[in-house]
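In case you want the letters, here they are:
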Amino acid sequence: LRIESKAAVHGFVPVTLSPGETASLPSLGLRVRLEGPVVLQNKVADASTFALKCDMMEPTPRLTIRPRLTGDRLLGPGGSKSLKRRMIDAKIPAARRDLLPVAADSRGIVAVLGLGCAWDRRALPGDRAWLLTFTSEGRETDD
């Protein structure tokens, strides 16, 4: 049995991020960092880190971390689907959907925490990549 509030949730305040910067999402208890470029040695196994292929990004990317917007789409292995449909398929509760950070640049969505990286933007081992990492505000990093 789970009791949840049906109060309206309006997401969080968007932040903009450039390489080498860390931004805080205090209402979510998260920090996000963009690093690189690096040559990706291994496939990223951490669900909170995204390796974004450099040649599919702007030379110096500027990412906006924001809540989802009406009409947002994410390209996955099965093609492009709306974020709403992907969240339903992933069984993400409706009350949490506006709280999942969406990383986007001027060309569109690059990654969504909890859903993954845009299929055409993901870096593979050997590719030059930007690393986008989400961490809990309370968790210390190696920086």
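Up top is the structure these notes are about.
Source: prediction; values computed, not measured. (Residues numbered from 1 in each chain as written. Predicted model: local features only at pLDDT ≥ 70, side-chain atom pairs only at ≥ 80, totals over all residues. Heavy atoms only, no water.)

Quick look at the pattern of salt bridges now. In the structure shown here, the tally under the stated rule is six salt bridges. The closest approach of N and O atoms between Lys81 and Asp89, which form a salt bridge, is 3.0 Å. The network of salt bridges with shared partners includes Lys81, Arg85 and Asp89. (Salt bridge = Lys/Arg side-chain N within 4 Å of Asp/Glu carboxyl O.)

With that settled, consider the side chain of Ser48. Turning to its location among the elements, Ser48 is positioned in the loop between β3 (30-39) and β4 (49-53). Among the polar contacts listed, one links the side chain of Ser48 to the side chain of Asp46, at a separation of 3.0 Å. Discounting chain neighbours no more than four positions away, the residues touching Ser48 are Leu113, Leu132, Thr133 and Phe134. (Helix = DSSP H or I, 4+ residues; strand = E, 2+ residues; numbered from the N terminus. Polar contact = N/O pair within 3.5 Å; in protein donor to acceptor, adjacent residues only side chain to side chain. Contact = heavy atoms within 4.5 Å.)

The strand order across the open sheet formed by five strands is β1-β5-β8-β9-β10, and the pairing between neighbours is antiparallel. Each having just a single partner strand, β1 (15-17) and β10 (116-117) make up the two edges of the open sheet. Sheet topology note: the strand β8 (residues 102-105)/strand β9 (residues 108-112) ladder contains four bridges and is antiparallel. Note that in β9 the partner of Ala103 across the bridge is Ala111. (Pairing = 2+ DSSP bridges.)

Moving on, we get to the packing of aromatic side chains. One pass over the full model with this rule turns up one aromatic pair. Considering the side-chain rings of Phe50 and Phe134, the 6.2 Å spacing of their centres and the 85° angle between planes classify their relative orientation as edge-to-face. Residue Phe50 is found in strand β4, and its partner Phe134 is found in strand β11 (residues 128-136); the two are separated by 84 residues along the sequence. Side by side, Phe50 and Phe134 carry an identical accessibility label, which is buried. (Phe/Tyr/Trp six-rings, centres within 6.5 Å; stacked < 30°, edge-to-face > 60°. Buried < 20%, exposed > 50% of the residue type's maximum accessible area, 1.4 Å probe, protein only.)

Right, let's talk about the sheet that holds β4 for a bit. Two pairing modes exist for strands in a sheet, parallel and antiparallel, and in both the strands are linked by backbone hydrogen bonds. The strand order across the open sheet formed by four strands is β2-β3-β11-β4, and the pairing between neighbours is antiparallel. A single partner strand is all that each edge strand has here, and the edge strands are β2 (22-25) and β4. Each strand axis lies, on average, 20° off the axis of its neighbour in the sheet, ignoring direction. Bridge count for β3 against β11 is eight bridges, and the pairing is antiparallel. Bridge pairing in β11 places Arg31 opposite Thr135. (Axes fitted to C-alpha atoms, helices over the stretch in contact; angles between N-to-C directions.)

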